[in-house]
Amino acid sequence: EEEFKWLLQEEVHAVLKQLQDILKEAYHRFALPASGSGGAVKQENFVLSTSGTDQVKGVLTLQGDALCQADVNLKMPRNNQLLHFAFREDKQWKLQQIQDARNHVNQAIYLLMNRDVNYQFKTGSEVLKLMDAVMLQLSRARNRLTTPATLTLPEIASSGLTKMFTPALPPDILVNFYINLNKLCLTVYQLHVLQPSTTKNFKPAGGSILHNPGAMFEFGNQRYEVSHVHKVECVVPWLNDALVFFTVSLQLCQQLKDKISVFSSYWNYRPY
């Protein structure tokens, strides 16, 4: 009983403090200025590449949760023509995954700090409930970075991203940016127009993170087939840091839950 009381009054608070410190570090990695601070976020340049092909090359400029510049060269396979696209100067592309992950981290920190400095936990179930709530936010934060959105090809075609480039993207090119784990990814789809007279059996593709050659879709009264897919990516070091912090924090939460559960099962099953 004394040991359990010590766990609730001392160790729980030590773990909560440790979690707060780790998650504040994670939060700062997202490099977004706090509201009202007015501090500009530094811009970082990343070179896009992939092994075994030089069909697509590019440089992306990331500023917090926004792509503020994108400079992309695309070599067309059929005629080796080189196309160049860049973001218009007045445009930025928000990476919703980064914004959402940051919001979940912020919510986890709020849950950990949302009590009086002298507050004492009275029951194990109270601590378990708090850990579950914190772990839910951390899992959501991690999932936003590890699981990009599944999109249909018409959704990609109608995305605001297609209108951000100068010169404008030709109608047979689609692009999509997303985060996958610690990487910033660009996928370029080259399309082939399906003629009305084609004998191909038209089957529209569903939602996917990455569509394969042969995927078909209809957009603007025109049917298309994906002929080539190019995926290039770059590692963003601070995203890697954030993912490590999430993993460490989830382990700490689980360890505390396990200790509480051991005591709780002892009280439930002790002989009278």
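Residues numbered from 1 in each chain as written. Predicted model: local features only at pLDDT ≥ 70, side-chain atom pairs only at ≥ 80, totals over all residues. Heavy atoms only, no water.

The chain goes by Protein rogdi homolog in an unreviewed UniProt entry, where it is assigned to Cochlearius cochlearius. Taken directly from UniProt, the Subcellular location (unreviewed entry) text for the chain runs: "Cytoplasmic vesicle, Secretory vesicle, Synaptic vesicle". (UniProt positions renumbered as here; feature names shortened; annotations may be inferred.)

### Side note on the sheet that holds strand β9 (residues 216-219)
What the four strands build is an open sheet, ordered β7-β8-β10-β9; its pairing is antiparallel. Edge positions in the sheet fall to β7 (173-180) and β9, since each has one partner strand and no second. Taking the axes of each pair of neighbouring strands and ignoring which way they run, one obtains an average angle of 40° across the sheet. By the bridge criterion, eight bridges tie β7 to strand β8 (residues 183-193) in an arrangement that is antiparallel. Following the sheet pairing, Asn180 is matched in β8 by Lys183. (Pairing = 2+ DSSP bridges. Helix = DSSP H or I, 4+ residues; strand = E, 2+ residues; numbered from the N terminus. Axes fitted to C-alpha atoms, helices over the stretch in contact; angles between N-to-C directions.)

### Considerations on the pattern of salt bridges
Enumeration according to the criterion identifies 10 salt bridges in this entry. The partner of Arg29 in a salt bridge is Asp241, and the shortest N-O contact between them spans 3.0 Å. Taken as a pair, Arg29 in helix α1 (residues 2-29) and Asp241 in helix α5 (residues 237-269) lie far apart in primary sequence, 212 residues in all. A residue is classified by how much of its surface remains accessible, and Arg29, at 24% relative accessible area, is partly exposed. Arg144 is paired through a salt bridge with Asp100; the nearest N and O atoms lie 3.0 Å apart. With a gap of 44 residues between them, Arg144 in helix α3 (residues 124-146) and Asp100 in helix α2 (residues 96-113) connect regions that are remote in the sequence. Look at Asp100 and you get buried, because its relative accessible area is 19%. Members of the salt-bridge network, linked through shared partners, are Glu25, Arg29 and Asp241. (Salt bridge = Lys/Arg side-chain N within 4 Å of Asp/Glu carboxyl O. Buried < 20%, exposed > 50% of the residue type's maximum accessible area, 1.4 Å probe, protein only.)

### Structural notes on the packing of aromatic side chains
Think of a pair of aromatic rings as described by two things: how far the centres are apart, and how the planes are tilted against each other in angle. Overall, the coordinates contain six aromatic pairs when judged by the stated rule. Ring centres 5.7 Å apart and planes at 70° place the aromatic pair Phe30 and Trp238 in the edge-to-face group. Here the residue Phe30 occupies a position in the loop between α1 and β1 (44-48), and Trp238 occupies one in helix α5, the gap between them amounting to 208 residues. Under the relative-accessibility criterion, Trp238 is labelled buried at 7%. Between the aromatic rings of Tyr119 and Phe121, the centroid separation amounts to 5.3 Å while the plane-to-plane angle is 90°, which identifies the pairing as edge-to-face. Given the relative accessible area of 5%, Phe121 is considered buried. Members of the aromatic cluster, joined through ring pairs, are Phe85, Phe87, Phe165 and Phe177. Directly above the ring of Phe202 sits Arg223, whose terminal nitrogen or CZ lies 3.9 Å from the centroid. (Phe/Tyr/Trp six-rings, centres within 6.5 Å; stacked < 30°, edge-to-face > 60°. Lys NZ or Arg CZ within 6 Å of the ring centre and 35° of its normal.)

### Observations concerning the nonpolar core
Core analysis: the biggest nonpolar cluster contains 68 residues, and Met131, Phe177, Leu186 and Phe246 have the highest contact counts within it. Looking at this core element by element, the count peaks at 12 residues for α5. Listed in part, the 10 residues of the second largest apolar core include Ala157, Leu174, Phe217 and Val226. (Core = buried A, V, L, I, M, F, W, Y, C linked by side-chain atoms within 4.5 Å.)

### Some details on the environment of Val248
If you trace the backbone, Val248 turns up in helix α5. A residue is classified by how much of its surface remains accessible, and Val248, at 34% relative accessible area, is partly exposed. Spatially, the C-alpha atom of Val248 lies 8.9 Å from that of Leu19, the residues being 229 residues apart in sequence.

### Notes on the packing of α1 against α3
One way to put it is that α1 packs onto α3 with a least axis distance of 11 Å and a crossing angle of 15°. Judged by the angle between their axes, α1 and α3 are roughly parallel. Regarding α1 and α3, the two cross each other, and that crossing is left-handed. Across the interface between the two elements, Phe4, Leu8, Val12, Leu16, Leu19 and Leu23 from α1 touch Gly124, Val127, Leu130, Met131 and Leu138 from α3. (Parallel < 35°, antiparallel > 145°, perpendicular 65-115°, else oblique. Left-handed = near helix turned anticlockwise from the far one by under 90°. Contact = heavy atoms within 4.5 Å.)

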